[in-house]
Each structure stands twice: as C-alpha cells, then as structure tokens.
Amino acid sequence: MNKKIAILLKVIVSLGLITLLVNQVDFNKIVNILKNVDITMIVYALILLIIQVFIATTRWQSVLKCQKIMLDYKNTLQILWSGLFFNQAMPSSVGGDVIRGYYLKKQGMTLGRATLGVLMDRLFGMIGLVLLVLASLPLLFELVDDPIARTGVLFIAVGISLALLFIFFTDKLPGNFSHFKIIKGLYSLSREGRHCISDRYNGVIILLISVLIHLISVFAVMIMSIGLGLDIEWGGFLLMVPLVGLMMVVPISIAGWGVREGVMVVGFGYLGVAPEAALALSILYGLSVLVVALPGGIIWMFKKSHSKK
C-alpha cells in the first residue's frame, strides 16, 4: 500500500508540474515547434543516446570489477538496459536499480554485494555529474545575471558535493553505528568507493567515463535544439543540462517528467529562451530517452521467458 501511495504521489507531481507549465505557455506554439522538427537531427541525437548506454555499461562493468565481480560485457549490457527500461517506461515500484540488483543476485551474489554493485555505479554517476556542474560554474557567472539564480545553483552544487564527501568518508566519522543496517550499508559503500577511486588506473577511467556519459546528454540536447531550430549558445547547454540531471535525482516524479520540464523552462529562461521553446525541447528529450529505453523491455522479456524454461 505504501508503494502504491508513493507511485500515486509521483504521478500527481509529474502531471501537476506538466499541467502547470502547459497552462503558462502557448500550447499551439509548442505543437508548431515540434511539427517543424528536423528528423535527421533527432536521429543523430538518438544514436548518441544509444551510444551512451554502451558507454554506461563499460563504466558499470569497471565498477563491478573494483568489487571483484566479474561479469561479461553482454550480460552487463542486458541487465543495465533492462534497468533503464524500468526507470523510464514503467511507473511502478520496481525501479531499474531493483531490476539490476535482482539480476546480479541471480548471478550468485549475495543481496548485499548485488545492492552495493548497483549503488556504486549510481555513486560514480553522481560524481561525474557534479564534476561537470562544478566545471561549468564559470559559465553561470558569464551567462546568468540574476544573483538569486546564481546563489541557488552554487548552493545546490556545494550541497551535493558535501553530501558526496560525506558518503565517501562515512566510515571515518567518530563513533560506530554499524548496528544500524542503513549505516552499515553506508560504511560498505564508503570503503568500496574509496577503494575504487584509489585504484589509479580503474578509478580514473571510471571518473572520465562518468563525465563523458553526461557530456553525451549535453550534446544530444544541443543537437535536438538544432533540429527544433532554436538559437541557444553552446555554453547554455553545458550549464543547464547537468543541472537538470541533478534536479532529476530527487525521486519525486515519474522518470523525471515534470521536474525536467520545469527546470529547463526556468533555466533556459535565464538565457533568453522562450518557455514554449524550452518546454518543446524538454518534451523531445524526455521522449527520446524513453525511446532509447524501450529495447531494455524486450531484453527483460527475453531474459524472463528464458529463465522460466
């Protein structure tokens, strides 16, 4: 019942935010912008997003290797893509991380190791996102004049950076709270995370791949904007797309719908982009991510039917 209530609340948040945005803009303008899209540019963006899945698989495989979990690339790709499908296409209590952990456990791992294998990948994904946000902060002062917006972005960037540092050094804090299950899990995540980072070769590669994955999202949105005929400075994408990613981490909506649109409309609004154009771009990006996730559903169904035999 609690899970159903949580799903219902997420649906309400997504629909509420999207309805609020649509009521604030000229919907006919959005339709016209989307009708005149250059399909070739969208195909290019979709190809980039598909490549992103394969690169994300390489990162997860490297993260698992840090934990002495050896999974071949094909199997890792199938599990990750199935998880992506559940994250994007299924408004259910069974999220993509649960699916990934489930299939890791089916490989013979303990529940603890499987969970850690998924959380570690999430952790490094977040690190890559924060590194990109921090690197783009000079653009904030160049492109955005509003002091409140600047302060808000800095607050978010610093706050999440401190949260990541806390995670990495939880087990070094005074006192021992390992009798609490959640704290014990954080201790494990902290130790394994530092171990992975300290592995000079593997750690650097994982961090570089994490940044690259989010850069691909930046380029994909940029190409989509060209397809929509929007005139947005390249620095705006490098600044706004990672911030959108950070806001979507908060699990208050279905696959980020509503949150992504709100952040893009407000964020690109500071760069002089009309709300209709920003909303059209956000909708197109969300649908593109959904399309890329759909093969994961086919993979999942195949794995499910194969396991029943």
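Note that the structure is a prediction, hence the values are computed from the model and not measured. (Residues numbered from 1 in each chain as written. Predicted model: local features only at pLDDT ≥ 70, side-chain atom pairs only at ≥ 80, totals over all residues. Heavy atoms only, no water.)

Summarising the element assignment, Ala278 is placed in helix H13 (residues 275–308). When the C-alpha atoms of Ala278 and Ser136 are compared, they prove to be 20 Å apart, with 142 residues separating the residues in sequence. Beyond its immediate chain neighbours, meaning those up to four positions away, Ala278 contacts Met264, Val265, Phe268 and Val273. (Helix = DSSP H or I, 4+ residues; strand = E, 2+ residues; numbered from the N terminus. Contact = heavy atoms within 4.5 Å.)

This brings us to the state of the cysteines. This structure, assessed with the given rule, holds 1 disulfide. A sulfur-sulfur separation of 2.2 Å characterises the disulfide bridge that pairs Cys66 with Cys196. Looking along the S-S bond of the Cys66-Cys196 disulfide, the torsion reads about 80°, which is the right-handed sense. Within this pair, whereas Cys66 is found in helix H3 (residues 39–66), its partner Cys196 is found in helix H9 (residues 181–198), the two being separated by 130 residues in sequence. Per residue, the accessibility class of Cys66 equals that of Cys196, and both read buried. (Disulfide = S-S within 2.5 Å. Buried < 20%, exposed > 50% of the residue type's maximum accessible area, 1.4 Å probe, protein only.)

Before going further, it helps to spend a moment on the pattern of salt bridges. Following the criterion strictly, the structure yields 5 salt bridges and no others. With a closest N to O distance of 3.0 Å, Arg260 and Glu261 form a salt bridge. Residue Arg260 shares its accessibility class with Glu261, and that shared class is buried. Connected through salt bridges with shared partners, the residues Arg59, Asp97, Arg100, Asp121 and Arg122 form a single ionic network. (Salt bridge = Lys/Arg side-chain N within 4 Å of Asp/Glu carboxyl O.)

Attention now moves to the nonpolar core. Generally speaking, nonpolar side chains in soluble globular proteins are found buried as a group. Counting residues in each nonpolar core, the largest one holds 87 residues, and the members touching the most others are Trp60, Leu104, Met224, Phe237, Phe268 and Leu281. By residue number, the principal contributor to this core is helix H6 (residues 111–135), which donates 12 residues. Those residues within four positions of Met224 in sequence are excluded, and the remaining contacts are Ile42, Ala45, Leu49, Leu281, Leu284, Tyr285 and Ser288. (Core = buried A, V, L, I, M, F, W, Y, C linked by side-chain atoms within 4.5 Å.)

Our focus in this paragraph is unusual backbone geometry. Backbone geometry at Lys68 places phi at a positive 65°, although glycine is not the residue there. Within the fold, Lys68 resides in the loop between H3 and helix H4 (73–89).

Turning our eyes to something else, we now look at the confidence of the model for the protein chain. Chain-level pLDDT for the protein chain is 86 on average; 92% of the residues reach the 70-or-more range. Within the protein chain, helix H1 (residues 2–24) has the poorest average pLDDT of any element, 76, and H3 the best, 95. (pLDDT = per-residue confidence, 0-100.)

Below, the discussion takes up the packing of aromatic side chains. Aromatic ring pairs are described here by two measures, namely the spacing of the ring centres and the angle between the planes. Applying the stated rule across the entire model yields 6 aromatic pairs. Pairing Phe124 with Phe168 gives two aromatic rings, centres 6.4 Å apart and planes at 75°, and the pair type is edge-to-face. With Phe124 in helix H6 and Phe168 in helix H8 (residues 147–168), this residue pair connects regions lying 44 residues apart in the sequence. Residue classification places Phe168 among the buried residues on the basis of a relative accessible area of 11%. Clustering of aromatic rings is evident, with ring pairs tying together Phe85, Phe86 and Trp300. One Lys or Arg, Arg100, reaches over the ring of Trp60 and ends 4.5 Å from the middle of that ring. Positioned above the aromatic ring of Trp257 is the side chain of Arg260, whose terminal nitrogen or guanidinium carbon lies 4.4 Å from the ring centre. (Phe/Tyr/Trp six-rings, centres within 6.5 Å; stacked < 30°, edge-to-face > 60°. Lys NZ or Arg CZ within 6 Å of the ring centre and 35° of its normal.)

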